[in-house]
Amino acid sequence: MKIFFLFTFLTFLLSAFEQVAAYAHYDKILTHSRIRARDQGPNVCALQQVMGTKKKYFSTCRNWYQQAICGKKATVLYECCPGYMKMEGMRGCPAVAPIDHVYGTLGIVGATSTQQYSDISKLREEIEGRGSFTFFAPSNEAWDQLDSEIHRNLVDNVNIELYNALHHHMLNKRMLTKDLKNGMTLVSMYNGQKLLINHYPNGVVTVNCARIIYGNQIATNGVVHVVDRVLTAVGNTIQDFIEAEDDLSSFRAPAITSGVMDILGRPGHYTLFAPTNEAFERLPRGVLERIMGDKVASEALVKFHILNTLQCSEAITGGAVYETLEGNTVEVGCDGESLTVNGVKMVKRKDIVTSNGIIHLIDQVLIPDSAKQVIELGGAQQTTFTDLVAQLGLTSSLRPEGQYTLLAPLNGAFSDDTLRLDQRLLKTILQNHIIKVKVGLNELYNGQELETIGGKLLRVFVYRTAVCIENSCMVRGSKEGRNGFIHILRQIINPAEKTLHEMLRNDKRFSIFLSLVKAADLDDVLSWPGQWTLFVPTNDAFKGLTDDDKDILIRDKNALRNILLYHLTQGVFIGSGFEPGVTNILKTIQGGKLYLKTVNDTLLVNELKSRESDLMATNGVIHVIDKLLYPAELPVGNDQLLTILKKLIKYIQIKFVRDSTFKEIPLTFYKINIIESNVQPIVTKEEPIIKTYTKIIDGRPVEVTEKKVTEERIIQGPEIKYTRITAGDPDNEEKLKKIFEEEAPVRRAQPTRRTQGGAARRRTRLDHS
């Protein structure tokens, strides 16, 4: 029982401590300042002063080690901590400052102007007398910086205006910085006027956005905090200010129509970066009209200017990211005396205090991605792509009411040779980078096909740390706009046009490898639809191979197949899709393992450099190598074969185990099975669709007219004639047959597509285990 009560007490104590600590950031930073100045003697605090100004801060660790505040160099000062004094001939600040009433304390902390005004306004008697007060006393510099007209009016009417203004700086109870909680609203001693308190994690405490620069000077009848400006009266709400301010009429209109104005009239702690009329006038007319005519876009634009936290300018000593009501973020920072938004100096007037937040007037309109057209989402690294889209007339294809996805290569992906291409060819290339639908990054999946506005189908490949579309992988920076997404790609997309076999046949560098493929009866594997990664040795890999050597290889078909199928793995693996520097293990069709990794953008296969990567085929991808691959764990039992392999493979030690043989690899891993049916289909035809598009043939654009006829085949009966390409288990045949026998007697077959001037083509369904 005692243990239980002890645990309960400790929990309560820790909870209470955490609550106090949460609102004692000022005191925590002050403690750190003491520690930094401990070598200077007792009760000395280290401050940072922004060079060229009189602004001093008890600094956070980040500002301290950066030796800068708001991007400006800061020098270190050592001063007595609040409440302590120096003594002649002694180190540090060993003496405690005398405790006096509030009026006398104003002199102790150096707020002599406030002390003088308290005297002439007849406030002195009150703050020398009985009571418990908190006085937020403007520094001498704060009075000097006050608008001259306001200052003159106060001094000319000391018994009313000045007296009331000073009362506005006072509370009728003592409150230390630890009592000033973030978001607190206090009532001043003048006419119930509100004082808005903010206590920030960086130790800054503000009162109506005036920063406490010297806090917690205890008096016999209260406490004095010195602030860096004369407090202004709190207005009504942000909504009231917008409605009354003529210079915000352009912002007022979308705020009202979008319904956001009502939010700004409710209680809260908002920060509004309000663009002036001049800011709206700077926008291109077409952009402004489009956004204002779209309620969703205009609402997003207004909300993008609003933070759900209150950020006074004096609390910002470095850059920080804040979420807007629109959902995206902005970076608010500072550059000397100026506030910055997303790194740009744009704040014309700051710290307009209202009852539900702060307003900063800005001279630029912040447009969120969600209010932009997809083509406007391109950043500085995609300007080549976006400029070409505009120059080649493709912008008109991106209708505001449509849905698109742009696959934008980085500027560096466009070589000089590419930019010198015929404009028709260049336009076709760009069309391959515009998808007909809006697809976000989290909607992409492996094996997905995306249709471009040029009619091409692009394949998606998803890996552990990368998403690739054909040969090009994405980099960070995807954005969503009003009518689509933009994804950033490393390279220009090269859609596949030929099969693996056709690519080998059309490139003389691979003639020896292709002849061995044919001898091993593997032509069909590389010709039929599928998903393969093939590591192809060039003819250089076979230097020293005589015709007799080749004949010996061909005679031992098992050996040849083992060697060749060690170069083939199931699945499409793009070189830049691998996580850099990490070894990736792939199982080959032969059964052995390949070890792949990328180093400095170069693909290594079993530590051998790929000379050319990511040559896309319709049924896979080719990586070019200049050495023949061989599984290190696979022994050779034939002297002749060992001699041949040693000629070709010098980077590993080949094992020799006399009389060992290579295992037989039947083509059941990829074979065609046909089940016959005697049932004739009933065919109905729809009206033909004629489509014209540009196709690249031998590097030249050619206009092709395609006639598409859709046939619907109603097939009756328990058995169906079909072609199926299977991988793995040969028992799949019987399983598949049973499934078809159990299905309903009426089925629809795939439509036949006919191309003018060509034979009919049937789309074949593929399965790989």
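Residues numbered from 1 in each chain as written. Predicted model: local features only at pLDDT ≥ 70, side-chain atom pairs only at ≥ 80, totals over all residues. Heavy atoms only, no water.

Novice: Help me out: how do you make sense of the state of the cysteines in this one?
Specialist: What makes a disulfide is a covalent bond joining the sulfur atoms belonging to two cysteines. Under the defined criterion, the tally for this structure stands at five disulfides. The disulfide partner of Cys 45 is Cys 81, and the S-S distance across this bridge is 2.0 Å. Since a negative S-S torsion denotes a left-handed disulfide, the Cys 45-Cys 81 link at about 105° is right-handed. Of this pair, Cys 45 sits in strand E1 (residues 44-50) while Cys 81 sits in the loop between strand E4 (72-80) and strand E5 (84-85), and the two are 36 residues apart along the sequence. The exposure class of Cys 45 is buried, given its relative accessible area of 0%. The class for Cys 81 is buried, based on a relative accessible area of 1%. (Disulfide = S-S within 2.5 Å. Helix = DSSP H or I, 4+ residues; strand = E, 2+ residues; numbered from the N terminus. Buried < 20%, exposed > 50% of the residue type's maximum accessible area, 1.4 Å probe, protein only.)

Novice: Is there a simple way to explain the packing of helix H22 (residues 547-555) against helix H24 (residues 639-648) in this structure?
Specialist: The packing of two helices is summarised by the inter-axis angle and the distance between the axes. Running from N to C, H22 and H24 point in directions that differ by 120°, and their axes come no closer than 10 Å. Between H22 and H24, the interaxial angle falls into the category oblique. You can see that H22 and H24 cross each other, and the crossing is left-handed. Of H24, the residues touching H22 (which contributes Asp 549, Ile 552 and Leu 553) are Gln 640, Leu 641, Ile 644 and Lys 647. Across the contact of H22 with H24, the residue classes tally to four nonpolar, one polar and two charged. (Axes fitted to C-alpha atoms, helices over the stretch in contact; angles between N-to-C directions. Parallel < 35°, antiparallel > 145°, perpendicular 65-115°, else oblique. Left-handed = near helix turned anticlockwise from the far one by under 90°. Contact = heavy atoms within 4.5 Å. Nonpolar A, V, L, I, M, F, W, Y, C, P; charged D, E, K, R; others polar.)

Novice: Help me understand the nonpolar core, please; the structure alone is not making it clear to me.
Specialist: When a protein is soluble and globular, its nonpolar side chains tend to lie buried together. Formed by 46 residues in total, the largest nonpolar core has its most connected members in Leu 504, Ile 622 and Tyr 630. Counting 28 residues, the second-largest nonpolar core is a separate cluster that includes Leu 248, Tyr 270, Ala 297 and Val 365. (Core = buried A, V, L, I, M, F, W, Y, C linked by side-chain atoms within 4.5 Å.)

Novice: How should the side chain of Asp 549 be read in this particular structure?
Specialist: If you trace the backbone, Asp 549 turns up in helix H22. Using a relative accessible area of 9% as the deciding quantity, one classes Asp 549 as buried.

Novice: Before we go on, may I ask you to explain the pairing of strand E29 (residues 532-537) in this structure?
Specialist: Successive residues of a regular strand alternate their side chains across the two faces of the sheet. Most of E29 sits inside the fold, with six of its six residues counted as buried. By the alternation rule, side chains of E29 split into Trp 532, Leu 534 and Val 536 and Thr 533, Phe 535 and Pro 537, which are all buried. Here E29 pairs with strand E30 (residues 568-570) via three bridges, running antiparallel. Paired with Leu 534 across the two strands is Leu 568, which belongs to E30. Alignment of E29 against strand E35 (residues 620-625), held across six bridges, turns out to be parallel. If you follow Thr 533 over to E35, its bridge partner there is Val 621. (Pairing = 2+ DSSP bridges.)

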